[in-house]
Amino acid sequence: MSADWTSALTRAQAHAPFLERGLEQLPQLQALLAAGRGEEALAWVKAAGADAPDTGSALRREKSALALALAIGDLAGAFPLSRVVQELSDFADRALDAAIAAAIRARVPDAEPAGFIALALGKHGARELNYSSDIDPILLYDPATLPRRERDEPGEAAQRVARTLMQLMSHVDHEGYVFRVDLRLRPASEVSPLAIPYEAALTHYESSALAWERAAFIRARACAGDVAAGESFLAAIRPFVWRRSLDFGAIAEIGRLTRRIRANHSGPLRPGPGFNLKQGRGGIREVEFFAQTHQLIHGGRNPALRLRGTRASLDALAAAGLIDPEDARVLGESYDRLRTLEHRLQMVADQQTHSLPAEPAALDNVARLEGLPDGAALVAELDAITEAVGTRYDRLIAQYAEDDAGSAAPAPGGAALEDKLAELGFADPAGLCARIEGWRSGKLRALRSDAAREAFDAMLLPLLAAFAKGPEPERALLRWEQLLTNLPSAVNLFRLLEARPALGELLARILGLAQPLADALARRADLLDGLFDASAFDLPGSVDDLVSQLSAGEADDDYERLLDRVRRRVGELRFKLGVQLIEGSRDPMAVGQALSRVAEAALAVLAEAATTEFEKVHGRVPGGALMIMGYGRLGGGALTHASDLDLVFLFTGEHSAESDGARPLGATLYFNRLAQRVIAALSVPTAEGALYEVDTRLRPSGAQGPIAVSLDAFERYQREAAWTWEHMALARARVLHGPIKGRAALNGIVHSVLELPRDPAKLRGDVLEMRRTMAEHKPAKSPLDVKLARGGLVDIEFIVHFLQLRDHRALVPAIPDALAELADAGMIDPAIRTAHRTLGRFLIAARLLLPEGEEPPPAARAVLASACECEDWTCLTDKLAESRRTVAQAWQATFGEDLEIE
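Residues numbered from 1 in each chain as written. Predicted model: local features only at pLDDT ≥ 70, side-chain atom pairs only at ≥ 80, totals over all residues. Heavy atoms only, no water.

Participant: In this structure, what is going on with the overall build of the protein chain? I would like to understand it.
Facilitator: Counting its secondary structure elements, the protein chain contains 39 helices and nine strands. The buried share of the protein chain, taken over its 902 residues, is 52%. For the protein chain, long-range pairs separated by at least 24 residues make up 71% of all intrachain contacts whose partners lie at least 6 apart in sequence. Roughly 38,200 Å² of accessible area belongs to the protein chain as shown, and the carbon and sulfur atoms make up 51% of that amount. (Helix = DSSP H or I, 4+ residues; strand = E, 2+ residues; numbered from the N terminus. Buried < 20%, exposed > 50% of the residue type's maximum accessible area, 1.4 Å probe, protein only. Contact = heavy atoms within 4.5 Å. Areas by Shrake-Rupley, 256 points an atom, 1.4 Å probe, with all protein chains shown as cover.)

Participant: Can you walk me through the nonpolar core in this structure?
Facilitator: A general feature of soluble globular proteins is that nonpolar side chains tend to end up buried together. The biggest cluster of nonpolar side chains holds 170 residues, and the ones touching the most others in it are Phe-456, Trp-480, Met-629, Phe-649, Val-678 and Phe-842. Ignoring anything within four residues of it in the chain, the contact list for Phe-649 reads Leu-626, Met-627, Ile-628, Ala-675, Val-678, Ile-679, Thr-696, Ile-707, Ala-708 and Val-709. (Core = buried A, V, L, I, M, F, W, Y, C linked by side-chain atoms within 4.5 Å.)

Participant: Is there a simple way to think about the sheet that holds strand E4 (residues 221–225) in this case?
Facilitator: Sheet strands line up and pair through hydrogen bonds in the backbone, either parallel or antiparallel. Taken together, the four strands give an open sheet; going across it, the order is E3-E2-E1-E4, and neighbouring strands pair in mixed fashion. In the strand order of this sheet, the two ends are held by strand E3 (195–197) and E4, each with one partner. Across this sheet, the average inter-strand angle for adjacent strands is 35°, counted without regard to direction. By the bridge criterion, four bridges tie strand E1 (residues 116–120) to E4 in an arrangement that is antiparallel. In the sheet register, Ile-117 faces E4, and the bridge partner there is Gly-225. Across the sheet, helix H6 (residues 81–107) touches E1 and E4, and the angle it forms with E4 is around 45°. (Pairing = 2+ DSSP bridges. Axes fitted to C-alpha atoms, helices over the stretch in contact; angles between N-to-C directions.)

Participant: Would you explain the pattern of salt bridges in this entry?
Facilitator: A side chain of one charge can pair with a side chain of the opposite charge if their charged atoms are brought near each other. Summed over all chains, the structure comprises 59 salt bridges. Residue Arg-219 pairs with Glu-128 through a salt bridge whose shortest N-O separation is 3.5 Å. With Arg-219 in the loop between helix H10 (211–217) and E4 and Glu-128 in the loop between helix H7 (122–125) and strand E2 (138–141), this pair connects stretches of sequence that are 91 residues apart. By relative accessible area, Arg-219 is classed as buried at 8%. One connected set of salt bridges, linked through shared partners, spans Asp-51, Arg-60, Arg-61, Asp-173 and Glu-175. (Salt bridge = Lys/Arg side-chain N within 4 Å of Asp/Glu carboxyl O.)

Participant: I tried to follow the side chain of Lys-123 on my own but got confused; where do I start?
Facilitator: When you line up the elements, Lys-123 lands in helix H7. Residue classification places Lys-123 among the buried positions, given a relative accessible area of 12%. Within polar-contact distance, the side chain of Lys-123 engages the side chain of Glu-288 at 3.0 Å. Discounting residues that sit within four places of it in the chain, Lys-123 has contacts with Ser-89, Glu-128, Leu-129, Asn-130, Ser-133, Arg-219, Lys-278, Ile-284, Glu-288, Tyr-335 and Arg-339. (Polar contact = N/O pair within 3.5 Å; in protein donor to acceptor, adjacent residues only side chain to side chain.)

Participant: Would you mind showing me how to read unusual backbone geometry here?
Facilitator: With the exception of glycine, the majority of residues adopt a negative phi angle, and the majority of peptide bonds are in the trans configuration. The backbone phi angle of Asp-350 is positive, close to 55°, even though this residue is not glycine. Inspection of the secondary structure puts Asp-350 in the loop between helix H16 (325–349) and helix H17 (360–370). You will see that Glu-869, though not glycine, has its phi angle at about 60°, which is positive. Judged by its relative accessible area of 57%, Glu-869 is exposed.

Participant: Explain the packing of aromatic side chains here, please?
Facilitator: Aromatic ring pairs: the centre-centre distance and the angle between the two ring planes describe each pair. As enumerated under the stated definition, the model contains 15 aromatic pairs in all. Arranged with centres 4.8 Å apart and planes meeting at 70°, the rings of Tyr-205 and Phe-217 form a pair that is edge-to-face. Linking Tyr-205 in helix H9 (residues 198–207) with Phe-217 in helix H10, this pair joins segments that are 12 residues apart in sequence. Across this residue pair, the class does not change: Tyr-205 and Phe-217 are buried. Relative to Phe-494, the ring of Phe-456 has its centre 5.3 Å away and its plane inclined at 65°; by these criteria the two rings are edge-to-face. Placement of Phe-456 in helix H21 (residues 450–469) and of Phe-494 in helix H23 (residues 491–499) is noted, with a sequence separation of 38 residues between them. Classification of Phe-494 as buried rests on a relative accessible area of 0%. One aromatic cluster is present, formed by Tyr-198, Tyr-205, Phe-217, Phe-233 and Phe-240 through successive ring pairs. We note Lys-63 situated over the ring of Phe-179; from NZ or CZ to the ring centre the distance is 4.0 Å. (Phe/Tyr/Trp six-rings, centres within 6.5 Å; stacked < 30°, edge-to-face > 60°. Lys NZ or Arg CZ within 6 Å of the ring centre and 35° of its normal.)

Participant: I would appreciate a short explanation of the side chain of Asp-795 in the present structure.
Facilitator: Along the polypeptide, Asp-795 turns up in helix H35 (residues 793–807). Look at Asp-795 and you get buried, because its relative accessible area is 0%. Reaching out from Asp-795, the side chain makes a polar contact with the side chain of Arg-771 at a distance of 2.6 Å. Setting aside residues no more than four positions away along its own chain, Asp-795 makes contact with Arg-771, Ala-789, Arg-790, Val-887, Trp-891 and Leu-899.

Below, the structure written as structure tokens:
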């Protein structure tokens, strides 16, 4: 049948507003189509974005023109379905490739795009995209070859490329859009970054991937970026996708997947208004899954079945004698017709829809766009098609329902379990077996239902195996027992642990390695939920971002709920950061800075909330405001998991003023009581537990002085009565809360005090005497006490503060920044900066892994070594010793005094 371009244009203008607008906006293209010059029209399309100002605009123009040309050619009968979907898919490849190049060059302008891969999955992978398809790529990168700026870490560079790519592809403006991009098919999308390192993705598919991911990769192909590397990756994971043997668990999962296709659809069961051509019974998805299920089962042994296209796969299955040739013909022809009608639905308004319109007039409109007389004719045709497909899919469900019913393995128990525990290496398999039977007995809420016990049994042996090879099996078991006791329901957790064995290994490391995290889990088992989120291994954002995150709540939240919410969310953030330390996914120094940002945000939110509550009763002090300074590690912006908060409270305004509330207070009493409210908000346990320990002993006059003093009193004390050690502490102070004007005034006071003229000899004597006193009264607990041991972090701080006070240089609170300025000025050996990083990394990791300062077990040694960029424990101890010697040399150079290093 010859193409009818005139009818196609007439129907498009009458029944498809989206196409009508396109024809009006692109008169040159309309002229080519009206003349029946379809191939010339497609060639014109490829140049549609030639004069665009940027890549995104060029791609949007080309996509709009391509959709129009293909739609008219499709309606005319000039372009068959196979041509339409391939042209759309090929454009998606070109668009992704251009977007990758643009994203890389946005950061590294002269770079040749390399080291970044886009894998096409689903309809894109099969070259079967429809008019309004999403694309579902998986983005991979090679850290060694991805172009990046010198200061960018490979992972950060890759995520930047991914985010830029998504923005470029998904942005919508008057020119349209390129494609909606969905990255949820990537490995472990709940916890993973947008772009995955090549090797990490390989590890995932080799050890942790789910059955549905196998199905997704049937149609995968390398489509953009470093295509050769992408093809190499697909070759490497071929054994994961195409297994030569299929175990009962996989067959059971196929049974569940086939039934889920039906169970998850809630729309009309038969064609009519609202019927979904993709998800409804006998629809597009059932044809695709019919082919893919057979491919999964048989493709491992028969490479001829490893095809991407749906029709080609059906034909190959029939040729191999695995399905009836008539079934292949009926399903294939039905698939083509369903896809064609799906396109008609999407042509009307360029919407990602698969459902017939609910309104009769709109249904008639779609039918007439296709050339049918009315909606009734369309529904009648669909009724016959979906019945033919649905009947065949019914048989598939019935087949694998039988397989699923017979595939469940009996729960391990009794002597068999005891033997397995002995095989895993547990010291007391009989005792552990008895404990497990106690868990199953129904005494624990989490294991009272049959479904829970079934899910528990399914993941039990892999989890026990993870515990057995974990760092501290007995401790992990004890903590797991506490976790089970606290869980009201655990079915989803058990199923997840079954599906993702790597999570069980992570749980074993958390429970066995980090007592603070294990204790947190024992109190709040829902902390595990945060590990399933995509942001689990991201560092928290800025303080402002965190303030917004901690503040967000329900409209009717009261003060008590706010206290609980902040504790809950801070606990989640601290837990995630602890997991990052255990896993070595972040530099401990970055974790320490993140912990400080979290604390600063919590302080900001709670101080504001406590002030608001206090003002309801006592009003405000005219001209007065509470100021809060952070000292020590908080002031320096790098906390550990064991850090308390060193705070000093001050206030602006006249101390003789009085508040204007229902119960007025004098300014000094007002701000002292308010400071106590803030301290309580930060430290008093609520239903969600405690938050931070607060230490206010660095305030003027120490424990003998009032909690809060005026700025004038603070300045007077610092100038007239403060000891040298108090000025050293002031050098690490930072204003964390208060109005802008008050912050400026307080910063001015701090700098004026730090810049006071000093007698160098007296200053040196004070500093050395102070350090000797500290060493006498707070000696190092062990050589691993990198804070207090001679040549450790305290000695670095004393060197820095001495030079700051003597020379009025590098007056910044963060020790790394101060060291950098002092080194640049030639006042210290730059090597001390490296020593500080090593010692600081060790301290941050050790406070989590060795909270009591104990000798680390082998597994903890490995984590500590990795945290300090060492291959093993010997390397680390050597590096720590070298760092302490470097500090001792700096001490001698600064004070002319030798340090005794153990």
